[in-house]
Each structure stands twice: as structure tokens, then as C-alpha cells.
Amino acid sequence: MVHFSAEEKAAITSLWGKVNVEDAGGEALGRLLVVYPWTQRFFDNFGNLSSASAIMGNPKVKAHGKKVLTSFGDAVKNMDNLKGTFAKLSELHCDKLHVDPENFRLLGNVLVCVLAHHFGKEFTPQVQAAYQKVVAGVANALAHKYH
Amino acid sequence: MLSAQERAQVAQVWDLIAGHEAAFGAELLLRLFTVYPSTKTYFPHLGSCADKAQLLSHGRRMLEAVGVAVQHLDNLRAALRPLADLHAQVLRVDPSNFPLLIQCFQVVLASHLQDEFTVEMQAAWDKFLTGVAVVLTEKYR
């Protein structure tokens with residue numbers, strides 16, 4: 001089980017407090033679909049994904065991104081129990097959505113880039129390290145119930 | 001491998017880095033070592049805690065090599081042959097580490113360039129660096 005120090009938790013929580021979950025969610029999901037286009041395989045019914053600008057402006061991408069990142073917010077509130085927090089979602093992603101857990105790692109990395117883009121110099125190496133740790137924890141938690 | 005548009009994006013990214021190879025390279029290494037401490041095992045000569053001068057010096061060398069790759073998008077294999085040989089015969093960095101370096105590179109660019117670093121540039125740069133990593137590791141066996 002991943003353990004977060006007090007400093008890591010503080011860094012993660014304080015930055016998260018300044019995140020616009022709706023904007024960041026859409027940005028993160030959009031960037032995932034642009035930078036790693038094979039991830040579009042899960043979103044055939046999202047309409048126009050034919051170009052970077054189409055993807056970034058797509059209302060379904062934005063809405064789904066917001067949903068995903070709101071859920072990620074639960075991770076920030078439950079860093080000591082990521083596996084428990086995401087148990088149900090893990091089952092869903094395995095049994096119903098059939099998502100390769102590698103996609104959780106890709107999205108986590110893209111989210112880190114979005115935060116770096118938004119926060120600039122405030123996103124120090126130490127803050128990045130804390131966030132890479134929590135996104136890896138979430139990815140593992142989401143993969144945990146796979147069978 | 002890279003479309004004409006992607007090559008233009010890669011060139012655009014390089015234009016924002018050129019002249020700052022040492023600074024970007026040093027931050028890249030600092031982030032790599034901070035976020036993924038196991039990568040320090042490949043840099044024993046940088047000491048257990050690399051100082052600023054060492055990071056700047058090695059960072060600059062790495063970014064200059066990236067610059068060489070940017071200038072030779074048509075022929076990465078030929079341009080990077082010495083480095084590919086070095087990685088295969090001497091350095092033998094496990095291929096799983098290259099995505100870690102690429103992630104840190106994206107974070108350096110995103111945090112420094114912010115809105116100048118568009119999503120298209122991020123996509124092209126990721127594709128380009130992944131291609132470089134393939135060339136650097138393809139002689140491993």
C-alpha cells in the first residue's frame with residue numbers, strides 16, 4: 001500500500017484546492033485523446049474527435065473529463081485508502097468498460113502535465129513527485145479488482 | 001514516422017528550448033531524480049546528490065543530443081548511431097526508464113512554457129521523443 005508523508009499530503013491537498021476540476025478534467029481527457037490517439041477507442045460515441053481542436057472543444061470530452069477528475073478528487077480526500085475508495089470503480093472498469101489499466105497510467109501522467117501547465121513554477125519537482133505518486137496510486141487502485 | 005505538421009511542431013518546441021539547453025536539461029534531470037529516484041542508479045558519477053553544476057553540465061549534453069535529433073528527423077538512426085552504440089554497449093539504461101524521462105520532459109516544457117506549449121506540440125514532442133528512445137535502445141539485443 002502506498003504511503004504519503006505529511007509533506008506530500010499537504011502539497012497535494014493545497015494544490016488541489018486551487019484546481020478548477022471542470023476545466024482541468026476536460027483538458028486532461030482531451031490531451032489524453034490527442035497525445036495517445038489509440039485511447040479514443042473507448043469513446044466511439046463521443047462524436048467529432050477528428051482533430052486536436054475538435055477533441056479539446058468537444059462537449060462530451062469536457063463533460064466526461066469533469067466526471068473523471070471529480071472522482072479523482074476522492075483520491076485527494078482519501079490518500080490513505082485508495083484501494084478501498086476505488087474498489088467499485090475498479091470493478092466497473094474491468095467488468096463493464098474493459099479498460100486496460102495502462103490507460104489509467106497514461107491519464108495520470110497527462111493530468112500531471114496539465115497541472116504543470118496550469119501552475120507553472122509552483123509545480124516544483126517535489127510537488128510533481130507527490131502528484132506522480134498519487135496518480136500512480138489511483139491507477140493501481142483502479143487496477144486492483146481486475147481479474 | 002512524423003508527418004510534416006508534426007515535424008513543424010517539433011521544430012517549434014525546439015525553438016523554445018534552443019539557447020536554454022543547460023537550464024532545461026538540469027531541471028529535467030532534477031525532476032527525473034526527484035520523481036523517480038531509481039533513475040539515479042544510472043548516474044553514479046553525479047554523486048548521491050548531484051550539485052547544480054553537474055546537473056547543468058550533464059543536462060546540457062543531453063539536450064544538445066536532443067537538438068541533434070531535431071536537426072535530423074529524416075535520419076535519426078544515422079544521426080544517433082554513436083549514442084545508440086553507447087547506450088547498448090556501455091550505459092544499458094533499461095528501456096522502461098525512457099518514458100519516465102519523457103514524462104519529466106513534458107512537465108518541464110508545460111511548467112515553463114505554459115500556454116506557448118500547445119496540445120499539438122505536446123503530442124508531436126511525445127511522438128518524437130518516443131522515436132528517439134526507440135533508436136537509442138534498438139541495438140540492445
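Let me begin by describing the structure that accompanies this report. Remember, it's a predicted structure, so these values are computed and weren't measured experimentally.

### Structural notes on the overall build of chain B
Then, number 1: Of the regular secondary structure elements, chain B holds 7 helices and 0 strands.
Then, number 2: Ordered by position in the sequence, the α and β elements of chain B form the string α-α-α-α-α-α-α.
Then, number 3: On C-alpha atoms alone, chain B measures out to a radius of gyration of 14 Å, which is about the 14 Å that the 2.2 N^0.38 rule sets for 141 residues.
Then, number 4: Among the 141 residues that make up chain B, the fraction classed as buried is 47%.
Then, number 5: Expressed as a percentage of contacts within chain B between residues at least 6 apart in sequence, the contacts between residues at least 24 apart total 79%.
Then, number 6: Accessible surface computed for chain B: about 7,000 Å², of which carbon and sulfur atoms make up 56%.
Then, number 7: The distance from the centre of the 12 positive side-chain charges to the centre of the 14 negative ones in chain B is 10 Å.

### Observations regarding the layout of surface pockets
Over the atoms a probe the size of a water molecule is rolled, and this reveals where empty space is left.
Then, number 1: Here the largest pocket defines a volume of roughly 1,000 Å³.
Then, number 2: The wall of the largest pocket is formed by 45 residues, among which Val35, Tyr36 and Leu106 of chain A together with Asp126 and Thr130 of chain B lie closest to the centre.
Then, number 3: With 9 residues, helix 7 (residues 119-137) of chain B is the single largest residue contributor to the lining of the largest pocket.
Then, number 4: Partitioned by chemical class, the residues of the lining of the largest pocket number 25 nonpolar, 13 polar and 7 charged.

### Observations regarding the nonpolar core
Then, number 1: Phe123 and Tyr131 of chain A together with Trp125 and Phe128 of chain B are the most contacted members of the largest nonpolar core, which totals 95 residues.
Then, number 2: Per-element accounting of this core gives the leading share, 11 residues, to helix 7 of chain B.
Then, number 3: Setting aside residues up to four positions removed in sequence, Phe123 of chain A forms contacts with Leu15, Val112, Leu115, Ala116, Gln128 and Tyr131 of chain A together with Arg31 and Val107 of chain B.

### Topic: the packing of helix 1 (residues 6-16) of chain A against helix 8 (residues 125-143) of chain A
Residue and element names in this part refer to chain A.
Then, number 1: Axis separation between helix 1 and helix 8 bottoms out at 9 Å; the angle between their running directions is 90 degrees. Judged by the inter-axis angle, helix 1 sits roughly perpendicular to helix 8. Two secondary-structure elements touch here, helix 1 through Glu8, Ala11, Ile12, Leu15 and Trp16 and helix 8 through Val127, Ala130, Tyr131, Lys133 and Val134.
Then, number 2: Residue composition of the contact of helix 1 with helix 8, by class: 8 nonpolar, no polar and 2 charged.

So, how was this worked out
- Residues numbered from 1 in each chain as written.
- Chains lettered and ligands numbered in written order.
- Predicted model: local features only at pLDDT ≥ 70, side-chain atom pairs only at ≥ 80, totals over all residues.
- Heavy atoms only, no water.
- Helix = DSSP H or I, 4+ residues; strand = E, 2+ residues; numbered from the N terminus.
- Rg over C-alpha atoms; globule rule 2.2 N^0.38 Å.
- Buried < 20%, exposed > 50% of the residue type's maximum accessible area, 1.4 Å probe, protein only.
- Contact = heavy atoms within 4.5 Å.
- Areas by Shrake-Rupley, 256 points an atom, 1.4 Å probe, with all protein chains shown as cover.
- Lys, Arg positive; Asp, Glu negative; His and termini not counted.
- Charge placed at Lys NZ, Arg CZ, Asp CG, Glu CD.
- 1 Å grid on protein atoms, 1.4 Å probe; cavity = no way out; pocket = protein on both sides within 12 Å on 5 of 7 lines; lining within 4 Å.
- Points joined across faces, edges and corners; volume = space filled by probe spheres on them.
- Nonpolar A, V, L, I, M, F, W, Y, C, P; charged D, E, K, R; others polar.
- Core = buried A, V, L, I, M, F, W, Y, C linked by side-chain atoms within 4.5 Å.
- Axes fitted to C-alpha atoms, helices over the stretch in contact; angles between N-to-C directions.
- Parallel < 35°, antiparallel > 145°, perpendicular 65-115°, else oblique.

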